[in-house]
2 protein chains.
Amino acid sequence: MGQNATLKKISVQLDLSISTVSRALKNHPDISESTKRKVKELAALMEYEPNTYAINLRTNKSNVFGLIVPAISNMFYDSFISAVEEEARKKGYSLLILQSGDDPSQEAENLKLCKHSRVDGIFISVIPNTRSAELFVKYQQSGIPVIFFDKVPESDTFDKICLADEEAAVMAAHTIIKYNKKKILALFGNPELSITRKRKEAFTDVFNKNRVKTKPQVRFCNSSEEARQIVSLAISGQSRPDHIFCMSDEILIGAMKALNHSDLSVPEDVSVLAISNGFIPGLFKPEITYIETSGYELGKLAIKRMLENMESKTAPKSIILPSRLVEGGSL
Amino acid sequence: MGQNATLKKISVQLDLSISTVSRALKNHPDISESTKRKVKELAALMEYEPNTYAINLRTNKSNVFGLIVPAISNMFYDSFISAVEEEARKKGYSLLILQSGDDPSQEAENLKLCKHSRVDGIFISVIPNTRSAELFVKYQQSGIPVIFFDKVPESDTFDKICLADEEAAVMAAHTIIKYNKKKILALFGNPELSITRKRKEAFTDVFNKNRVKTKPQVRFCNSSEEARQIVSLAISGQSRPDHIFCMSDEILIGAMKALNHSDLSVPEDVSVLAISNGFIPGLFKPEITYIETSGYELGKLAIKRMLENMESKTAPKSIILPSRLVEGGSL
DNA sequence: AACATTTCCGCAAATGTTTTCGGTGGAAAA
DNA sequence: TTTTCCACCGAAAACATTTGCGGAAATGTT
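A. Structural detail: the overall build of chain A. Helix and strand content of chain A: 12 helices and 12 strands. C-alpha extents for chain A along the principal axes are approximately 90 × 40 × 30 Å. For chain A, buried positions account for 44% of its 331 residues. A fraction of 72% describes how many contacts in chain A between residues 6 or more apart in sequence connect residues 24 or more apart.

Structure follows, in structure tokens:
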């Protein structure tokens, strides 16, 4: 028994009204202690579990956040999700995790699913497609808070949580300059993303302003594999770079695969610096020096911001997480 | 407008009954074409979205599967989740992804959350704690299908989808023997898990049966870090192993960190073989030879089995995914 | 013309909660 | 005695949907 205990069944057993049972269970002051006790005992006995659907229907709240990422198989998003999940759980929220797989239509479908599931809020890292921005205004208008993280649209009308893109890139550039590197190959991600543009601008700016002799050679790549090919080609060419900078883990992986398949050694023949979440750099020998951008920390900030929004709607805000240099042996 | 279009609002506008609107929207034959057209037009205009909670309440189905893993930051589970998500989406299901973080109480809480959320089915990879098995019988009895994957309890009364643990271990042992390795350090995971026991038994059995001169030295470790320490110690000792076998990615990572920090080279000084999901081995130089155990494939099998269960309750079944050897250069 | 069959639609119950607005009975205050 | 007040509880609406049943009008059959 007790498979589907309901307020009604309890109320019948105890010859009380449904409302009284409901109130007793939530310690409403109107109900006497003795009644509360009886109700709670029977509820426990019958293994009563409130029906979430009924509650959601009644209250029009789901206690679920939608979380949309390009891919779940990504160390950065993993740690982000972990952080959000931890805090969300504490507050009684669950996560509906969706992946867009770099497909705009999939992303739109995910957004639709979120709306359809009537989530209480959305975390999203958008894929490189500007058109999708239109969609978001609608969701914003419909009163459901949307928090962008990591890969965010340019517009200031949104809540955004991102890494200190410029700062990290500047830090990287300065570090490279300090080591007196001459021929720098700088690998960036999809140029349509603001994160890419920002990092690239900040990075190259440092070289321009400091009037160092050589300018880095900048390349863009959309995947780990593209990065591998670019590096593979570069190191086999006649003017081999003496440093490779990777703006992300994904790119670092590709670059390292290329280096591993060559007979060059790091950092003697070519040094490496990355902007990374921290896991991947530790896998190589020597460990890669990197500028840390913690998905976990970012997640903490994002959920904090979301909860603020749940309390009371506030003006859109851009939050930036600072970064730091972690020394490995690749430079 | 149209923020919260409901059947009722549509019905009022068109001066129809709610039931007629409901039926028109789902192409019920009782409704005339002209009415259907009118209803659908207005529904589209008002951006009507059926209220999931009301539907769930009415039908007592959520179209959500619970998916419980030790940690989401794990390549194997990532790929598993990806596979499940892909197929689930096609069938109109969403995923409630929960992580137990190797904490039994957390796992219990997750199970509770699943029940509380009234998911239509549960995928779970259990953490090393036998006591939890009791919990599962309850869920099974309550009619909600539970599919265990990867790390599964021993009992035959459950639906289980696992990797070919024995086969993979046997394959690994044979490969190592073929290469004529003498001093083998074999690293396994948590000995309380059936997956660990199975692999360890199968692995050592091969050596016993084949009467090869040396027996592998078997060690257990609960984390990447433990593996690193063990290997670190082993390779600095006087009787250095000439081969290291790792039963999982997690362990491989630890082992490789230790090797990377030594001046030994792979495979000349010490060769390496792992059982792996495939991503990690490709990061090293040389790439690690491994026995593939695809989380993605496992996911496909798991969701398939789940859907079968949704159709009609069938007898518990154990499904096993075969494995294959992927040659790297570490052996 | 009487009857039977379609065609098309509405009523109302049911799902499980929450919540507003009362209502009862008894004790204390007037 | 009447009034007031409090402690405790119930009726019923509301949330949005699905569905069995029944019913009126239109059409078809003798």
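B. View of the relation of the copies chain B and chain A. Rotating chain B by 180° about the axis while translating it 0.0 Å along that axis superimposes it on chain A, leaving an RMSD of 0.1 Å. Expressed as a symmetry operation, the mapping of one chain copy onto the other fits a two-fold axis. Considering only C-alpha atoms, the residue of chain B closest to the rotation axis is Tyr53(B), which sits at 2.5 Å. Same-surface contact between copies: 100% of interface residues of chain B are shared with the interface of chain A.

C. Up close: the domain arrangement of chain A. All names here are of chain A. Looking at chain A, the domain boundaries give domain 1 (7-50), domain 2 (62-163 + 296-321) and domain 3 (165-292). Measuring from the centre of the C-alpha atoms in domain 2 to the corresponding centre in domain 3 gives 29 Å. Elements that contribute at least two residues to the side of domain 2 that touches domain 3 include exactly α5 (75-90) and β5 (159-163). Tallying contributions element by element places α5 first for the side of domain 2 that touches domain 3, with three residues. Class assignment of the residues belonging to the side of domain 2 that touches domain 3 gives a composition of six nonpolar, one polar and three charged.

D. Seen up close, the protein's contact with DNA strand D. Surveying the vicinity of DNA strand D reveals 25 residues, the closest of which are Ser17(A), Thr20(A), Ser19(B), Asn51(B) and Ala54(B). Across the surface near DNA strand D, the residue classes break down as 10 nonpolar, 10 polar and five charged.

E. View of the nonpolar core. Ranked by size, the top nonpolar core spans 164 residues in total, and within it Leu187(A), Ala255(A), Leu187(B) and Ala255(B) carry the most contacts. Apart from the residues within four sequence positions on either side, Ala255(B) is in contact with Leu187(B), Ala227(B), Arg228(B), Val231(B), Ile244(B), Cys246(B) and Val272(B).

F. Structural view of the protein's contact with DNA strand C. Around DNA strand C, the surrounding shell holds 26 residues, and the nearest of these are Ser19(A), Asn51(A), Ala54(A), Ser19(B) and Thr20(B). At the level of secondary structure, the elements contributing two or more residues to the surface near DNA strand C comprise α1 (7-14), α2 (18-25) and α4 (52-59) of chain A together with α2 (18-25) and α4 (52-59) of chain B. At five residues, α4(A) tops the list of elements feeding residues into the surface near DNA strand C. When its residues are assigned to classes, the surface near DNA strand C shows 10 nonpolar, 11 polar and five charged.

G. Focus on the environment of Lys112(B). Here Lys112(B) is to be found in helix α6 (residues 104-116). Classification of Lys112(B) by C-beta neighbours within 10 Å gives exposed; the count is 12.

H. Up close: the environment of Asn63(A). All names here are of chain A. Structurally, the position occupied by Asn 63 is in the loop between α4 and β1 (64-69). Here the alpha-carbon distance between Asn 63 and Arg 89, two residues 26 residues apart in the chain, equals 9.9 Å. Each residue touching Asn 63, except ones within four places of it in the same chain, is listed here: Gly 92, Tyr 93, Ser 94 and Asp 120.

I. Representation of the sheet that holds strand β10 (residues 289-292) of chain B within the structure. All names here are of chain B. Sheet architecture is open: six strands sit in the order β7-β6-β8-β9-β10-β12, paired in mixed fashion. Of all the strands in the sheet, just β7 (217-220) and β12 (324-326) have a single pairing partner and so form its edges. On average, adjacent strands in this sheet sit at an angle of 20° to one another, irrespective of strand direction. When strand β8 (residues 243-246) meets strand β9 (residues 271-276), the two strands line up parallel, connected through four bridges. Each bridged residue has a counterpart across the sheet, and for Phe 245 the counterpart in β9 is Leu 273. Where helix α9 (residues 194-209) meets the sheet, it contacts β6 (184-188) and β7, and its direction lies at approximately 160° from that of β6.

J. Examining the packing of helix α8 (residues 165-178) of chain B against α9(B) more closely. Residue and element names in this part refer to chain B. Two elements in contact, α8 and α9, have axes separated by 8 Å at closest approach and are oriented at 35°. Of the two elements, α8 crosses α9, and the hand of that crossing is right-handed. Here Asp 165, Glu 166, Ala 168, Ala 169, Val 170, Ala 172, Ala 173 and His 174 of α8 come into contact with α9, specifically with Ile 195, Lys 198, Arg 199, Ala 202, Phe 203, Val 206 and Phe 207. In the contact of α8 with α9, the residues fall into 10 nonpolar, one polar and four charged.

Cut-offs applied
- All chains use their own residue numbering, which begins from 1 and follows the written sequence.
- As a convention, the first chain written is A and the first ligand written is 1, with the rest following in written order.
- Totals for whole chains, interfaces and linings use all residues, but because this is a predicted model, local features are given only for residues with pLDDT of at least 70 and pairs of side-chain atoms are given and counted only at 80 or more.
- Strands are runs of DSSP state E lasting at least 2 residues, helices are runs of H or I lasting at least 4, and numbering of each runs from the N terminus.
- In this scheme every C-beta is placed from the backbone, and a residue whose C-beta has 20 or more other C-beta atoms within 10 Å is buried, one with 12 or fewer is exposed, and one in between is partly exposed.
- Residues are defined as contacting one another if the C-beta atoms placed from their backbone atoms lie within 7 Å.
- In superposing the copies, a least-squares fit is computed on C-alpha atoms, taking residues whose pLDDT is at least 70 in both.
- Boundaries between domains were set according to an automatic or database domain assignment.
- When residue character is reported, Ala, Val, Leu, Ile, Met, Phe, Trp, Tyr, Cys and Pro are called nonpolar, Asp, Glu, Lys and Arg charged, and the others, Gly included, polar.
- All residues are tested the same way: a C-beta atom is placed from the backbone, and lying within 6 Å of a molecule or strand makes the residue near it.
- Throughout this description, the term nonpolar core refers to a group of buried Ala, Val, Leu, Ile, Met, Phe, Trp, Tyr and Cys residues whose C-beta atoms join them within 7 Å.
- Two strands qualify as a pair provided that DSSP identifies no fewer than 2 bridges between them.
- The axes used here are C-alpha line fits, helices contributing only the stretch in contact, and every angle between their N-to-C directions lies in the interval 0 to 180 degrees.
- Note on convention: the crossing is left-handed when the near helix lies turned anticlockwise from the far helix by less than a right angle, right-handed when the turn is clockwise.

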